[in-house]
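Letter by letter, the chains look like this.
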Amino acid sequence: MKSAAALPAFLSLVVAGLGGATLFVGCGSDDPAPVAEDTGTVVADTGTPVDTGKPDTFKPDTGPLTCSQPLPTGFECKAPTAKVGKNVCTDAMIEEFSNCFGSGSAAKCTAAQKAYPQCNTCILKDWLDNNSIDTAACIAKIDPASSCGKTVKCNSDCLDAVCPVDDCDSTPGSGAKGGTSTQRGDCYADAQNKGGTVKPKGACYDIATKDYGACASDPKFTFCFVSSIADITTFFRGACRDNGDWSKADVPMPTDAGTDAPAAETATDAATDAASDAPADGG
């Protein structure tokens, strides 16, 4: 079961044309400008600037980078688009398509797309929303009457509006804590903050985030929430292997399908042989 505190973790697509991180150049440095060494030589002031031919590489210090935007006026929460499940992928195919997410191999992702076009359409087109796995559509498929589908979609749409992918750096290390943190991740955290004496309430909290935890901890929606590469298998088993049914998403597909055919043939032969022998035995 997913933790209620585990708010959205979006997996980037590594295949070209379907998403991924955008690199941003920093806006300055806190280091002071270097001071020229005093050689003791006095240069006469002619009053005319000297063009050395070298470009000025120093940039003004504008302070911490930020990418947060105000929530657009008139923003509305929308229900997820209804989606249809399919049975066009096997477990082996889904495993290959996991290379299309996170730090997977772009070459293997491309190979899977070419090898399995129907599975490709289901995984990388039908069940994505704005380049993220469509958790909200999964919820709506499982329980159309639940408000959680709209809550999850609203939270995602709000984060995209407040933390635009084109303005926020998703490069590991670009976040305030360095390491694997990102500027966009920091923006997400701020937008979803409950608010208190240290931080103000986030723009997405009241309209969606406050109800997100309850949806994420509901057992019937367990396989809809994807926060790791391992979760991709169970999500797409339900969406693209089992016709939009997640009741057996944690059960691997049997790999010996079709091995019953010889047994059936043997049984037929046995019956035929028995019938052929009967008259002879009776004589």
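Above this text sits the structure in question.
Think of each chain on its own: its residues are numbered from 1, step by step along the sequence as written. This being a predicted model, a pLDDT of at least 70 is required before a residue's local features are given, and a value of 80 or more before pairs of side-chain atoms are given or counted; all residues contribute to the totals for chains, interfaces and linings. For the side-chain quantities, the full set of heavy atoms in the structure was used; hydrogens and water were omitted.

A. Looking closely at the overall build of the protein. A helix here means a DSSP run of H or I that spans at least four residues, while a strand means a run of E at least two residues long, and both kinds are numbered starting from the N terminus. Helix and strand counts for the protein stand at nine helices and two strands. Each helix and strand of the protein, ordered N terminal to C terminal, gives the series α-α-α-β-β-α-α-α-α-α-α. Think of it in three bands: with a 1.4 Å probe and only protein chains considered, a residue is buried below 20% of the maximum accessible area for its type, exposed above 50%, and partly exposed in between. Here the protein, with 283 residues, has 31% of them falling under the buried criterion. Long-range pairs, those at least 24 residues apart, make up 69% of the contacts in the protein with a sequence separation of at least 6. To be clear on the numbers: accessible area is Shrake-Rupley with a 1.4 Å probe, and residue cover counts the displayed protein chains and nothing else. As presented, the protein carries roughly 17100 Å² of accessible surface, and 55% of it is formed by carbon and sulfur atoms. Only heavy atoms matter for contacts: two residues are in contact if any of them lie within 4.5 Å across the pair.

B. Layout of the nonpolar core. One finds Phe 101, Ile 123, Trp 127, Phe 225, Phe 235 and Phe 236 to be the most contacted residues of the largest nonpolar core, which totals 35 residues. Contributions of two or more residues to this core are made by α1 (91-97), α2 (106-115), α3 (117-126), α4 (135-142), α5 (148-162), α7 (205-216) and α8 (229-241). For this core, the element with the most residues is α8, which contributes five residues. Among the nonpolar cores identified, the runner-up in size contains 10 residues, and Cys 158, Leu 159, Val 162 and Cys 204 belong to it. To form a nonpolar core, buried Ala, Val, Leu, Ile, Met, Phe, Trp, Tyr and Cys residues must be joined to one another through side-chain atoms within 4.5 Å.

C. Expanded view of the state of the cysteines. Here, a disulfide means two cysteine sulfur atoms that sit within 2.5 Å of each other. Counted under the stated rule, the structure contains nine disulfides. Through a disulfide, Cys 89 is tied to Cys 119; the S-S separation comes to 2.0 Å. Linking Cys 89 and Cys 119, the disulfide has an S-S dihedral of approximately 115 degrees and is accordingly described as right-handed. Separated by 30 residues along the polypeptide, Cys 89 in the segment before α1 and Cys 119 in helix α3 bring together distant segments of the chain.

D. Quick peek at the pattern of salt bridges. By salt bridge we mean one thing: a side-chain nitrogen of Lys or Arg within 4 Å of a carboxyl oxygen of Asp or Glu. Counted by the stated rule, this structure contains 11 salt bridges. The closest approach of N and O atoms between Asp 91 and Arg 237, which form a salt bridge, is 3.3 Å. Remark: Arg 237 occurs in helix α8 and Asp 91 occurs in helix α1; sequence separation between them is 146 residues. Just as Asp 91 is buried, Arg 237 falls in that class too. One salt bridge connects Asp 190 with Lys 199, and the closest N-O pair in it is separated by 2.8 Å. You can call Asp 190 partly exposed: its relative accessible area is 38%.

E. Region of the structure containing the packing of α5 against α7. Axes, fitted as lines to C-alpha atoms, cover a helix only where it is in contact. Angles between the N-to-C directions of the axes lie from 0 to 180 degrees. At a minimum axis separation of 8 Å, α5 and α7 run at an interaxial angle of 130 degrees. Our classification of the angle between α5 and α7 gives oblique. Between α5 and α7 the crossing geometry is left-handed. Only Ile 207, Ala 208, Thr 209, Asp 211, Tyr 212 and Cys 215 of α7 make contact with α5, whose side of the interface consists of Cys 148, Thr 151, Val 152, Cys 154, Asn 155 and Cys 158. Roughly parallel means an angle under 35 degrees; roughly antiparallel, over 145; roughly perpendicular, 65 to 115; everything else is oblique. Crossing chirality is assigned from the near helix's rotation relative to the far helix, an anticlockwise turn below a right angle marking it left-handed and a clockwise turn marking it right-handed.

F. Seen up close, the packing of aromatic side chains. The pairing test for Phe, Tyr and Trp rings, Trp by its six-membered ring, is centres within 6.5 Å, and the orientation test on the planes gives stacked under 30 degrees, edge-to-face over 60, and tilted for anything in between. Counted according to the given criterion, the structure contains six aromatic pairs. Ring centres of Phe 235 and Phe 236 lie 5.0 Å apart, and the angle between their planes is 85 degrees; this geometry places the pair in the edge-to-face category. Taken together, the ring pairs connect Phe 101, Trp 127, Phe 235, Phe 236 and Trp 246 into an aromatic cluster.

G. Focus on the side chain of Asn 120. Inspection of the secondary structure puts Asn 120 in helix α3. Residue Asn 120 is classed as buried on the basis of its relative accessible area, which comes to 11%.

H. Main features of α5. Multiplying one less than the number of residues by 1.5 Å gives the expected span of a helix. Spanning 15 residues, α5 covers 21 Å between terminal C-alpha atoms, matching the ideal 21 Å at 1.5 Å per step. Along its buried surface, α5 packs onto β1 (128-129), α4, α6 (183-191) and α7.

I. Structural detail: the environment of Lys 150. Within the element layout of this structure, Lys 150 appears in helix α5. Since its relative accessible area comes to 42%, Lys 150 is described here as partly exposed. C-alpha of Lys 150 to C-alpha of Thr 81: the two residues are 69 residues apart in sequence and 9.7 Å apart in space. Those residues in contact with Lys 150 that sit more than four places away from it in its chain are Cys 77, Lys 78, Ala 79 and Pro 80.

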